[in-house]
Amino acid sequence: MTNDNIFSGLKVVDLASFVAAPGAAVILSDFGADVIKVEPPTGDTWRLGNRIPPQPQAKEPYQFHLNNRNKRGMTLDLKSPSAQPVLERLVKWADVLIVNTPHPARKKLKLEYEDVAKWNPRLIYADLTGFGDKGPDADLPGFDITSYWARSGLLALTRDAGAPPTWPVGGSGDNATAVGLYAAIVTALYRRERTGAGSYVTTSLLAEGIWSASVSIQAALTGAKFYGLHDRKNPANAALNVYRAGDGTWFVLLVGADKFEAVAKAIGRADLLTDPRFADAAALATNRPQLTAILDEVFGSQPMEHWYDVFSGLHITFGAVRDPQQVIADPQVRANDIVVPLEGAGGNLTSTISSPFQIHGVAKTPARRGPELGEHNAQILTELGFSASAIDDLRASGVVPSPAHHATAKV
């Protein structure tokens, strides 16, 4: 595999915080882009994510490294009027600028597209919002739990009948959105290759959430009749359900009509094929709870290893429900480079999750730790053309605080 990564030479300024927008920059960095992570003097709050319940607690700021690996880091107080010359040089340097500051604050900081595009007409300005750029709620703050999950309809649907909406996995909507924002950036870069012109690209957590829920949202658009919320003991289809093996492992089972006979025989219940309760579609619809109860008893009689062999032999679609500790031990994960080594972070942070696709024949950049707060200030400012005395002035004024001022915030 070649190490000449696809985005070698591509320059990215990441002014974003938390997960989704910085995640798009991570994907670019995985394929060789030079990414500068610009943080306020206090740092990206996600540096402290490992201490914020209900996030899993750890000594190391694992979330920050996940979303900021392979980046260089600098601090910049955009609230200071003296920050504009630094911002201007960053924009002129960059091919891509990634922003997720809410638009009201963005206007005050002179960080809107029209403020910065004048400095670099080839710039790809990548904008992420919670609810989109227009509409009555455009200026509302949004996180994945509110914009992606709740507002999109996903949270209403991902629960069992009789249960209230629950709290989804942290960052799950953000990371899906990161891929969407990355796709928008790459599309704009392709357009620039053809036309020479920069672009303003945007997506939102709401748009990405609705895209994820689009089968159900499209159904609503067509006036389709919805089944009720999933009820495991009385499912819409007993052959598409969640069951529990004898060792306590839950698994998802999907058996098409063409496979039902083979499955019935393989589980030792060929009698189901002649049982009048399940003889035709009408009878089966009436007796779904009875069939579910029978399958519960059968599947509860053997451990998951047994059912794995049975289902694999029949080429049946199934999936054992794994917790995070089981996921990281899954041989499929390492074999497909989903989890990869992480260099330099120390402690227990020796591995990380790679971006979710591969380009055959191209090796991704080895994952390196995220930057310490302001770690590369002097290096970056020098590359941007600031003299040593000008850098000292920027430090003294607090526009680009010295890393020494933030020793307690280092990662």
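For the structure given in this document, a descriptive report is provided here. Just so we're clear, the structure is a prediction, and the values are computed from it rather than from any experiment. (Residues numbered from 1 in each chain as written. Predicted model: local features only at pLDDT ≥ 70, side-chain atom pairs only at ≥ 80, totals over all residues. Heavy atoms only, no water.)

### Some details on the pattern of salt bridges
Where charged atoms from two side chains of opposite charge come close, those side chains can pair.
Consideration 1: Scanning the model with the defined rule gives 17 salt bridges in all.
Consideration 2: Of the charged contacts, one joins Lys71 and Asp14 as a salt bridge, the two residues approaching to 2.7 Å between their closest N and O atoms. Here Lys71 is found in strand β3 (residues 71-75), whereas its partner Asp14 is found in strand β1 (residues 11-14), with 57 residues between them in sequence.
Consideration 3: Of the residues examined, Lys71 reaches a relative accessible area of 3% and is grouped as buried.
Consideration 4: Assessed through its relative accessible area of 0%, Asp14 is described here as buried.
Consideration 5: Ionic pairing is found between Arg69 and Asp30, a salt bridge with its closest N-O pair at 2.9 Å. (Salt bridge = Lys/Arg side-chain N within 4 Å of Asp/Glu carboxyl O. Helix = DSSP H or I, 4+ residues; strand = E, 2+ residues; numbered from the N terminus. Buried < 20%, exposed > 50% of the residue type's maximum accessible area, 1.4 Å probe, protein only.)

### Some details on the environment of Val186
Consideration 1: Relative to the elements of secondary structure, Val186 occurs in helix α8 (residues 172-195).
Consideration 2: Separated by 203 residues in sequence, Val186 and Ser389 place their C-alpha atoms 38 Å apart.

### Thoughts on the nonpolar core
Consideration 1: Core analysis: the largest hydrophobic core is formed by 30 residues, its most contacted members being Leu15, Met74, Leu76, Val86, Leu90, Leu97 and Val116.
Consideration 2: Looking at this core, the elements with two or more residues in it are β2 (34-39), α3 (84-93), β4 (96-99), α17 (377-383) and α18 (388-397).
Consideration 3: Among the elements that make up this core, the one with the highest residue count is α3 (5 residues).
Consideration 4: Contacts of Leu97, omitting those with residues within four sequence positions, involve Val13, Leu15, Val91, Val116, Leu123, Ile124, Tyr125 and Ala126.
Consideration 5: Membership of the second largest hydrophobic core comes to 25 residues, among which are Phe7, Ala24, Ala25 and Leu128. (Core = buried A, V, L, I, M, F, W, Y, C linked by side-chain atoms within 4.5 Å. Contact = heavy atoms within 4.5 Å.)

### Examining the pairing of β1
Consideration 1: Where β1 lies against β2, 4 bridges are found, and the strand directions are parallel. Paired with Val13 across the two strands is Ile36, which belongs to β2.
Consideration 2: Crossover handedness for the path β1 to helix α1 (residues 20-30) to β2: right-handed.
Consideration 3: Bridge count between β1 and β4: 3 bridges; the pairing is parallel. Bridged to Asp14 within β4 is Ile98. (Pairing = 2+ DSSP bridges. Right-handed = clockwise from strand over helix to strand, strands pointing away.)

### A word on a nonpolar patch on the surface
Consideration 1: On the surface, Leu240, Trp250, Val252, Leu254 and Val321 cluster together into a nonpolar patch covering about 390 Å² of accessible area.
Consideration 2: Considering every element that reaches the nonpolar patch, the biggest residue donor is strand β8 (residues 250-254), with 3 residues.
Consideration 3: Take Trp250: it is sitting in strand β8. (Patch = residues over 30% accessible without salt bridge, like charges linked within 9 Å, V, L, I, M, F, W, Y side chains within 5 Å. Areas by Shrake-Rupley, 256 points an atom, 1.4 Å probe, with all protein chains shown as cover.)

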